Structure formats: C-alpha cells, structure tokens
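Next come the chains, spelled out residue by residue.
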Amino acid sequence: MLEVIIIPVLSDNYIWLVHDDKSGETMVIDPAVSQPVLEEADKRGWKITQIWNTHWHPDHTGGNAEIKEATGCRISGPEAEKKRIPTLDVMVNGGDTLSMGDYVADVIDVPAHTAGHIAFHFASENIIFVGDTLFAMGCGRLFEGTPEQMYDNMQKLAALPDETVVYCAHEYTQSNGEYALVAEPENKAIEQRMRDVIAARSRGEYTVPTTIALEKATNPFMRAQSAEILAERRTAKDNF
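Residues numbered from 1 in each chain as written. Predicted model: local features only at pLDDT ≥ 70, side-chain atom pairs only at ≥ 80, totals over all residues. Heavy atoms only, no water.

Some words on the side chain of T164
- As for its position among the elements, T164 is in the loop between α4 (147–158) and β13 (165–168).
- Using a relative accessible area of 0% as the deciding quantity, one classes T164 as buried.
- Contact partners of T164, with chain neighbours within four places excluded, come to H121, N126, I127, I128, T210, T211 and I212. (Helix = DSSP H or I, 4+ residues; strand = E, 2+ residues; numbered from the N terminus. Buried < 20%, exposed > 50% of the residue type's maximum accessible area, 1.4 Å probe, protein only. Contact = heavy atoms within 4.5 Å.)

What follows is the structure, encoded as structure tokens:
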C-alpha cells in the first residue's frame, strides 16, 4: 500500500508525501515550500523521486526548484500550465497516467480554479489528490474558469466510489462548514459533521483527508443540482 504523510505548511496548506516501500519511490504532491518536505523525507530515510503538481499557483509549486535541486527528482504537472510551471519535466493532460513504482494514477481534468487544473486518482488504492478543486465541504474559487466547469468537476468526482479517500490542499473545513450550514440549514449530516470538525480542531487535529461519501452527504457544491445553483452558492461563499 502507498503510505501518505501530511505536512502542514504556511497558514493552512497541506503538502502530501507519498511513499511506495516496494519500489522505494517517494513522491510529493504540490510542495508549497521545500524545507519541511526535505526534512520529513530525510527523517524517514526516504529519497524523493517525483513531484506532482495539480496546478500552477505558487503555494503548490513554490518548493519545486529547491526539491529538484536537492534530490534530482522528476516533476510532472498539467501541460496546459507549462508556461506557469517552468520546472516541469513531464506534461500531462486528462486521460493520461502517471506511475510511481507499480502504482498507476489516472490524470483527471478538473479546470475552474485554474484553467489547467488536474487531479491524480489511484483507482487501485481508492485515493485521489485534488489540489484546490474539492475541499471538505467546499470547492475552489473560480479564478480562471466557470461554474459550469466546476459543476462538471463535482459530477466527475461524485461518480468515484464512495470509499475514495480525498486528499485536498488546505485546512478550510471549519469555515466551509459554517457556510454549508447556511446553504443547507435542514441538513443534519452537516450539523453533525460540524460538531466533529469543531471538536477536532479544538484538539489541534487535521480534518482531512475526507471521502467522496462524506462530501456527497455534506458538501453544498457537490450537492448542487445544477451549474446555476453551484454558481449561486460559490458567489454566496465568496461573500460569506
């Protein structure tokens, strides 16, 4: 099995360190910075061989160059954003695959937060790395795309098996949940989840990863029944 380690950085970013013991490969998802990643890998005796970027934003790519310089790793990311991620070695699009040892991830196009945003789905392991597209009880802001695109993204992700574990890139759960309570005031699942989230955060615990099943029950953006409803909810959340 792949081992996934959480590395909290900056104010609310999460970097994911992924290790395959059989091949000895270690991969980093969206390194905002380099030093905590290099230190965590060194502490575990792991050598970083790959970086995978979901999109170009600096809080997802800022550590690329220094990690590559220190380890010689290969960096993969969205071809559509190659001009904005100059450290890329491998450019991929939706429908392509990336490999880590014997594990193969499907690349899924999820544009909207950025124009070329992608996600990485290890179907055999029931895990997906979604960057800033899907959050616990939220979705990414529509910086470079449309509500229609984000609605389509939500449908793609909702179609994955319920047990799929979702690794997103920020600790936004409590603030997302506060809006979710307003968006769906009759949803008892959101009320219960918020109680759990508040308790977890009071103990200093992380609230991610999440699962597709949990998001289908409590995420007002995944639960939006049309692109128009998603657009209304996104605007409301932006101004919440």
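Examining helix α6 (residues 188–202)
- Over its 15 residues, α6 runs 21 Å from end to end, which matches the ideal 21 Å to within 8%, given 1.5 Å per residue.
- Within the span of α6, buried status applies to I190, R193, M194, V197 and A200. Viewed along the axis of α6, the buried residues span an arc of 130°, placing them on a single side of the element. Residues of α6 that are exposed and angled more than 90 degrees away from the buried face: K188 and S202.
- For α6, the secondary structure elements touched by its buried residues are α5 (173–183), β14 (210–211) and α7 (212–218).
- Capping of α6 at its N-terminal end is provided by N187; its side-chain oxygen lies 2.9 Å from the backbone amide nitrogen of A189. (Expected span 1.5 Å × (residues − 1). Arc of directions from axis to C-beta. Polar contact = N/O pair within 3.5 Å; in protein donor to acceptor, adjacent residues only side chain to side chain.)

A closer look at the pairing of strand β7 (residues 97–100)
- Burial along β7 is one-sided: the residues L98 and M100 are buried and none of T97 and S99 is.
- Of the strand pairs in this sheet, β7 and strand β8 (residues 103–109) are connected by four bridges, and their pairing is antiparallel. Directly across from M100, in β8, lies its bridge partner Y103.
- Connecting the antiparallel pair β7 and β8 is a turn made up of two residues, with G101 showing a positive phi of about 60°. (Pairing = 2+ DSSP bridges.)

Structural notes on the nonpolar core
- Ranked by internal contacts, the top residues of the largest apolar core, which has 44 residues, are F120, F122, F129, M154 and L157.
- Core analysis: the next-biggest nonpolar cluster, separate from the first, contains 19 residues, I5, A41, I85 and L88 among them. (Core = buried A, V, L, I, M, F, W, Y, C linked by side-chain atoms within 4.5 Å.)

Looking at the sheet that holds strand β5 (residues 74–78)
- One open sheet holds the six strands; their spatial order is β1-β2-β3-β4-β5-β6, and the pairing between them is mixed. Only two strands of the sheet have a single partner each, and these edge strands are β1 (3–9) and β6 (90–92). Mean inter-strand twist for the sheet, computed between neighbouring axes without regard to direction, equals 25°.
- Strand direction decides the pairing type here: β1 and strand β2 (residues 13–20), joined by seven bridges, are antiparallel. For V9, the partnering residue across the bridge sits in β2 and is N13.
- Taken strand by strand, helix α3 (residues 64–71) contacts β4 (47–52) and β5, and its axis lies near 150° from that of β4. (Axes fitted to C-alpha atoms, helices over the stretch in contact; angles between N-to-C directions.)

A few points about the packing of aromatic side chains
- Using the criterion set out here, one finds ten aromatic pairs in the structure.
- When the centroid spacing of 6.0 Å and the interplanar angle of 55° are considered together, the rings of Y14 and W16 count as tilted.
- Classification of Y14 by relative accessible area gives buried; the value is 4%.
- Looking at W16, the relative accessible area reads 3%, which means it is buried.
- Centroid distance Y179 to F240: 5.5 Å. Interplanar angle 75°. Geometry classified as edge-to-face. Remark: F240 occurs in the segment after α8 (227–238) and Y179 occurs in helix α5; sequence separation between them is 61 residues.
- The class for F240 is exposed, based on a relative accessible area of 52%.
- Taking the ring centre of W56 as reference, the NZ or CZ of R84 above it sits at 3.6 Å. (Phe/Tyr/Trp six-rings, centres within 6.5 Å; stacked < 30°, edge-to-face > 60°. Lys NZ or Arg CZ within 6 Å of the ring centre and 35° of its normal.)

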